[in-house]
Number of protein chains: 2
Amino acid sequence: MTSTALSRAERLSLLSITAACVAILANALQGHDKPLIVSLALSGLAFCASFALIRWLGPTFVKAGFKGVDMAKHSRREIPECMGAVCAAVYLFAIILFIPFAFYKDVVAATSGGGNRDVVLQQQVNHVQEGRFLHRFPHSKLSSYLSAIVSLQTIASLGLADDLFDIRWRHKFFIPAFAAIPLLVVYRVDFGVTSIVVPLQLQPYLGPLLDLGGLYYVYMAAVAIFSPNSINILAGINGIEVSQSLVIALLLAANDALYLLTPYPHPATDSHLFSLSFLLPFIGVSLALLRHNWYPARVFVGDTYCYFAGMVFVVVSILGHFSKTLVLLLLPQIFNFLYSAPQLFGLVPCPRHRLPRFNARSGLLEPSVTPWSPARQPRWGIVGRGLRLLGRLRLLRVVVDGEGRLVETSNFTVLNLWLVWRGPLREDRLALEMTAAQAVVGLFGLFVRHRLALLIFKEDNWSLL
Amino acid sequence: MTSTALSRAERLSLLSITAACVAILANALQGHDKPLIVSLALSGLAFCASFALIRWLGPTFVKAGFKGVDMAKHSRREIPECMGAVCAAVYLFAIILFIPFAFYKDVVAATSGGGNRDVVLQQQVNHVQEGRFLHRFPHSKLSSYLSAIVSLQTIASLGLADDLFDIRWRHKFFIPAFAAIPLLVVYRVDFGVTSIVVPLQLQPYLGPLLDLGGLYYVYMAAVAIFSPNSINILAGINGIEVSQSLVIALLLAANDALYLLTPYPHPATDSHLFSLSFLLPFIGVSLALLRHNWYPARVFVGDTYCYFAGMVFVVVSILGHFSKTLVLLLLPQIFNFLYSAPQLFGLVPCPRHRLPRFNARSGLLEPSVTPWSPARQPRWGIVGRGLRLLGRLRLLRVVVDGEGRLVETSNFTVLNLWLVWRGPLREDRLALEMTAAQAVVGLFGLFVRHRLALLIFKEDNWSLL
C-alpha cells in the first residue's frame, strides 16, 4: 500500500490554489458577481478537494471492497477502485454551490409565512443584464440546471451500483438511459423544443425547420445511452478513461469559449456559458483524478467515472442544444464502438476482458488476441473471409497456419488496433498517443462543425461579424 | 437464506395493484390530467416495485457485503442490510416520472434549434386552473420540486456511503446538513422568504411579521439535521424505523388532506398538494419495506432509510412552509433525543449499541444497561444524584448495592424506558406500542397545531369558513 499522505510540494500547491480560489470567492460574495470567474474558482477548489480526498480515501475504499489488481504491471498490487465516485461527489457539491452565483431572481416574493407562501405581498421585476460574459443566467433556466444535476446524481448512483453489484453487461448498457430520464422529463416540461434546422439541400422538401416530435426524445435518449457507454468501452489501460474525457471536455469548453467572443447578446451565448459552468468543475476533478490514475496508476476510476463523464457531455450538449457537436467529438469512440461490434454482437467470440496484453518480459503492451483452434473456426464462412480481409487492410492482426486456418486474431478494440499499427508500446506511451489522436480528431471535428457546416446550413451560429 | 420468490398470493396481489395503477396512468396520459390521482397510481406502482425488488435483491445485497445479524433472535441468521436504498431508488424514480403530470407550462417557447434556444418564436401564456385538488402546479414551482429531488438523492447517496464505509458518529451527524444544501440554496434563489408570523402577544413589540434573514436558514438547516438523525437514533428493533416514519408520513398526509377540503383557491392548497405528492410515494415504498422489516425481519433498512425518511419530512415541510407542524409530529423523537443526551454527550458512558437486550430464555426484550463497577462510579456527584432522582421518578431503572453504590442503570433510549415502564415485551409488541404512542402524540400535535394555535396566532390558516 502506497502512502496516503500528500507530499510537501503537493500540500503547498494545493494550499496556494485553495487560498487563491477562496480569495476570488470571497470577492464574489461581496457583490461583484461574475459567474464565470466564480465557476473557475469553484473548479480550482474542486480540483484541490478531489486531489486530497482521492489520496486520503484509498484505504477506506479498499476496506469497503473497492479494489482491483493492475494486470499490466510486474507487481500485481491491489489498488483502490471506483475513485470516480469521489470526483462525482466533489463535482456535484461544486455545481450545487454554484447555483446562487449563477442565477438571478427576476421576481422577489415575500409572503406572510405560516404556510401562506402564495400570498405575494410585493412583486419586483428586476431585469439585470450585466453585458458580455459576466452576466448571470435568467432564473427561468434554474430548472434546466437542476434537472442536469438530478441526471448526474442518478448516473453517479447507478455507476456506483454497477461497481458494487457488478451488473451484467446487457443490463448496464441501459443504465445511462435511466439517468437521462430526469433530463428528458424536465426538457419536456420546461423547454420542449423538438424541431431541428433542415440542411439547405433538403429545405425545398421539408421546409426550414422540421419538428421531430417524439423522435427528438428518442434521439436524445440515444445520445445519452451512447456517450457514457462509449467512454466506458474505450478503457482498460492506466489513464485512458480520464485523458479521453479531459480532451473532450477541453474541446467542448474551447467551443463554448468561441461564443464568448461574439458580440453580445448573441442568442447562443447563454447556452454556452451554461455549458462552461458544467465543464470547468469537471475539468478540475478530472485533472485530480488523472494525476492518480496516470501510469503507473495509484487508483482505478471505476465505471462510475466513465458513465459520469459521458453524462456530463450529454447534459451540456442537450441543454446547450449542440448534441451534433458532441457527436463529432466522440468520433474515436464511435469508431471504437463500430470496430467492436463484431465482438459485442457475438460474430466473433468475446472474452470478458479485451484490454491489451502485458508482456512481462519486455514490459510493453501487445494486442490481446482471440484464439481459434483448428476445430473451432468461424461458424459462417463470411466471418472468416471478413477477418482475412480486415487483416489484409491492416485493420486486424490475423495469424493463419500453413493450411490457411485462423490461429488467432487481435481483439476488436481501438487500443489493440493501435498496437497492431505501432507495434508494442509501453502503457503510458499508448495512452498518450491515443489521447493525442483524440485531440486531433476532435479539433478536426470542431473545424467541420464551424466551417464545413456552411455547405449544408445557411449560416454557422457562431460568427464574429 | 429464506426464499427470494414471491408467494402465489403476493404475486397475484402485486399484479392486480400494478394492473389497476397502470390503467389509471393510461387514462391520465390521454389528457385527463389529475395529478393527485396520478400520484396515487405511481405510489401504488412504487409499492409493488419496491416489494418485489426488496425480495429479489436480497442475495445480491448480501453478496456485496450489505448484511447483518439480527441480535434479538434465537437463530442468529445473517439477513440483507441497507434495503432502504432500494426504497429510495424506487421512490426517486416515481417522483421523477411524476414531473410531467404535476406541472403545466405557462410559457410555450419554440426556438429555431441549432443552439439558438433563446430565440422565442411564439409565446403563449396559458393559465390553467382546473379548480379544487385536481389542478396542476404552476411551472414556477418546478425548480423547488427539483431541488427537493436533488436533496433526496444527496441524502440517499450519503446514507449509502455511511452504510458502505461506516462513517464515524460525530461525522455522520452532519450528513443531513450536506444533503440540505441543495434545498437551501434553491430556496434562497427561488423563494427567499425568511419572515415568520409573530405571536399575538409579541406583535406590539415586533410587528406582525419578523424577518429572520440568515437566521431562517440556520433554523431550516437545524430542522434538516435534526429530523433524519432523530429517526436514526430511535432505532434498533425490527420495524421501528419504518413504522415511526409511516406514522409521521400518514399524519403529515392527513394534515395536507385537511387543506383539500377548504374552499379553493386557499393560499396554502398548492403547498399541501405539493407535500402530498412527495408523501404518497414515500408511504408506498415504506409499506413494502415494513412488510419485510417487521418482526421477524427478513431484511434490515440501513441508515439510508432513516436519513431518507427524515429528509422527505424536511423537504415537504420546508417547501410547504410548515416546518413547525413537523416539529410537533417529531415530539417522540425530540423526547428520545433529549432523554439520550446524557449518553450522547458523555455524562454517562455510552456503549456502541443501546438497543434493548434479548433474553434468550424468555424470548422477550428487556432494557439494556450500563454497568457501574464499585470502583468506577459517576465522576461527578451531581450525575450520581441525577441518576438516582431519575430512578425515583421511574424515568430510569437504577440498581444500587447495599452500600448505595450504582450497580447498573438502563440505557437512555425511549425503547428501554418503555420496557422499564411496561416490563419485558416481545419485539413486535414493543414496536407496536411505540408506533401507537407515536400516533397518539402526533394526533395531539396536530390538534395543538390547528386548535390551540389560535391562542397565540390571529387565525389558523386552515378554516372551513
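The sections below set out a description of the structure shown in this document. (Residues numbered from 1 in each chain as written. Chains lettered and ligands numbered in written order. Predicted model: local features only at pLDDT ≥ 70, side-chain atom pairs only at ≥ 80, totals over all residues. Heavy atoms only, no water.)

1. Considerations on the overall build of chain A
Counting secondary structure elements, chain A contains 16 helices and 13 strands. A buried classification covers 54% of the 465 residues belonging to chain A. Long-range pairs, those at least 24 residues apart, make up 72% of the contacts in chain A with a sequence separation of at least 6. (Helix = DSSP H or I, 4+ residues; strand = E, 2+ residues; numbered from the N terminus. Buried < 20%, exposed > 50% of the residue type's maximum accessible area, 1.4 Å probe, protein only. Contact = heavy atoms within 4.5 Å.)

2. What to know about the packing of aromatic side chains
Summed over all chains, the structure comprises 42 aromatic pairs over all chains. Here the aromatic rings of Phe282 of chain A and Tyr305 of chain A are separated by 6.0 Å at their centres, their planes lie at 15°, and the arrangement is stacked. Placement of Phe282 of chain A in helix H10 (residues 269–293) and of Tyr305 of chain A in helix H11 (residues 302–319) is noted, with a sequence separation of 23 residues between them. Its relative accessible area of 0% is what places Phe282 of chain A among the buried residues. For the ring pair Phe226 of chain B and Phe337 of chain B, a centre distance of 5.5 Å and an interplane angle of 85° mean the geometry is edge-to-face. Taken together, the residues span a long stretch of sequence, with Phe226 of chain B in helix H9 (residues 214–233) and Phe337 of chain B in helix H14 (residues 331–344) at a distance of 111 residues. Here the aromatic cluster, defined as three or more aromatic residues joined through ring pairs, consists of Tyr91, Phe282, Tyr305, Phe308 and Phe313 of chain A. (Phe/Tyr/Trp six-rings, centres within 6.5 Å; stacked < 30°, edge-to-face > 60°.)

3. Thoughts on the sheet that holds strand S10 (residues 398–400) of chain B
All names here are of chain B. Spatially, S9-S11-S10 is the arrangement adopted by the three strands of the open sheet, whose pairing is antiparallel. With one partner strand each, in any of the chains shown, strand S9 (369–371) and S10 form the two edges of the open sheet. Shown here is a sheet whose adjacent strand axes are inclined to one another by a mean of 15°, direction ignored. (Pairing = 2+ DSSP bridges. Axes fitted to C-alpha atoms, helices over the stretch in contact; angles between N-to-C directions.)

4. Some remarks on the pairing of strand S13 (residues 406–410) of chain A
Residues and elements named next belong to chain A. Note: strand S11 (residues 369–371) against S13, three bridges, orientation antiparallel. What sits directly across from Val369, in S13, is Ser410. The pairing of strand S12 (residues 398–400) with S13 spans three bridges and is classified as antiparallel. Looking at S13, one finds that Val398 is bridged to Thr409. What sits between the antiparallel neighbours S12 and S13 is a turn of five residues, in which Gly404 has the positive phi angle 80°.

5. Quick notes on the packing of helix H6 (residues 175–190) of chain A against helix H4 (residues 84–102) of chain B
Running from N to C, H6 of chain A and H4 of chain B cross one another at 25°; their axes reach a closest spacing of 8 Å. With respect to their mutual orientation, H6 of chain A and H4 of chain B come out roughly parallel. Crossing geometry of H6 of chain A relative to H4 of chain B is assigned as left-handed. The segment H6 of chain A lies against H4 of chain B, with Phe178, Ile181, Pro182, Val185, Val186 and Val189 of chain A engaging Phe93, Ile96, Leu97, Ile99 and Pro100 of chain B. For the contact of H6 of chain A with H4 of chain B, the class distribution of residues is eleven nonpolar, no polar and no charged. (Parallel < 35°, antiparallel > 145°, perpendicular 65-115°, else oblique. Left-handed = near helix turned anticlockwise from the far one by under 90°. Nonpolar A, V, L, I, M, F, W, Y, C, P; charged D, E, K, R; others polar.)

6. As for the pattern of salt bridges
Residue and element names in this part refer to chain A. What the rule picks out here adds up to 24 salt bridges over all chains. The shortest N-O distance in the salt bridge between Arg405 and Asp401 comes to 3.3 Å. Its relative accessible area of 30% is what places Arg405 among the partly exposed residues. Note that Arg429 is salt-bridged to Glu433, the shortest N-O span being 2.8 Å. On the criterion of helical spacing, the pair formed by Arg429 and Glu433 is a turn pair, its members being four residues apart in helix H16 (residues 427–450). Given the relative accessible area of 43%, Arg429 is considered partly exposed. Judged by its relative accessible area of 10%, Glu433 falls in the buried class. The network of salt bridges with shared partners includes Asp70, Lys73 and Glu427. (Salt bridge = Lys/Arg side-chain N within 4 Å of Asp/Glu carboxyl O.)

7. A word on the sheet that holds S13 of chain A
Residues and elements named next belong to chain A. If you trace the three strands from one edge of the open sheet to the other, you get S11-S13-S12, paired in antiparallel fashion. Each having just a single partner strand, S11 and S12 make up the two edges of the open sheet. Across this sheet, the average inter-strand angle for adjacent strands is 15°, counted without regard to direction.

8. Quick look at unusual backbone geometry
Residues Tyr295 of chain A and Pro296 of chain A are joined by a peptide bond in cis, for which omega reads -10°. Despite not being glycine, Cys82 of chain B has its phi angle at roughly 70°, a positive value. By the element assignment, Cys82 of chain B lies in the loop between strand S2 (78–80) and H4. What makes Cys82 of chain B buried here is its relative accessible area of 0%. If you check the backbone angles, Asp166 of chain B has positive phi at about 55° while not being a glycine. Checked against the element boundaries, Asp166 of chain B lands in the loop between helix H5 (142–165) and helix H6 (169–172).

9. Focus: the state of the cysteines
Residues and elements named next belong to chain A. Taken as a whole and judged by the stated rule, the model has zero disulfides over all chains. Cysteine Cys350 shares no disulfide, and the gap to the nearest cysteine sulfur, in Cys306, comes to 17 Å. By relative accessible area, Cys350 is classed as partly exposed at 40%. (Disulfide = S-S within 2.5 Å.)

10. A few points about the environment of Arg168 of chain A
Residues and elements named next belong to chain A. The topology assignment puts Arg168 in the loop between helix H4 (142–165) and helix H5 (169–172). A relative accessible area of 52% places Arg168 in the exposed class. Separated by 108 residues in the primary sequence, Arg168 and Leu276 have C-alpha atoms spaced 34 Å apart.

11. Focus on the side chain of Glu10 of chain A
Residue and element names in this part refer to chain A. Tracing the sequence through the fold places Glu10 in helix H1 (residues 8–29). At 2.9 Å, the side chain of Glu10 forms a polar contact with the backbone nitrogen of Ser7. Filtering out sequence-adjacent residues up to four positions away, Glu10 remains in contact with Phe51, Arg55 and Arg291. (Polar contact = N/O pair within 3.5 Å; in protein donor to acceptor, adjacent residues only side chain to side chain.)

12. Examining the packing of H4 of chain A against H10 of chain A
Each pair of packed helices can be summarised by the angle the axes make with each other and by the distance between the axes. All names here are of chain A. At a minimum axis separation of 12 Å, H4 and H10 run at an interaxial angle of 30°. The angle between the axes of H4 and H10 places the two elements in the roughly parallel class. Of the two elements, H4 crosses H10, and the hand of that crossing is right-handed. Residue-level contacts link Ser144, Tyr145, Ala148 and Leu152 of H4 to Phe274, Ser277 and Phe278 of H10. A per-class count over the contact of H4 with H10 returns five nonpolar, two polar and no charged.

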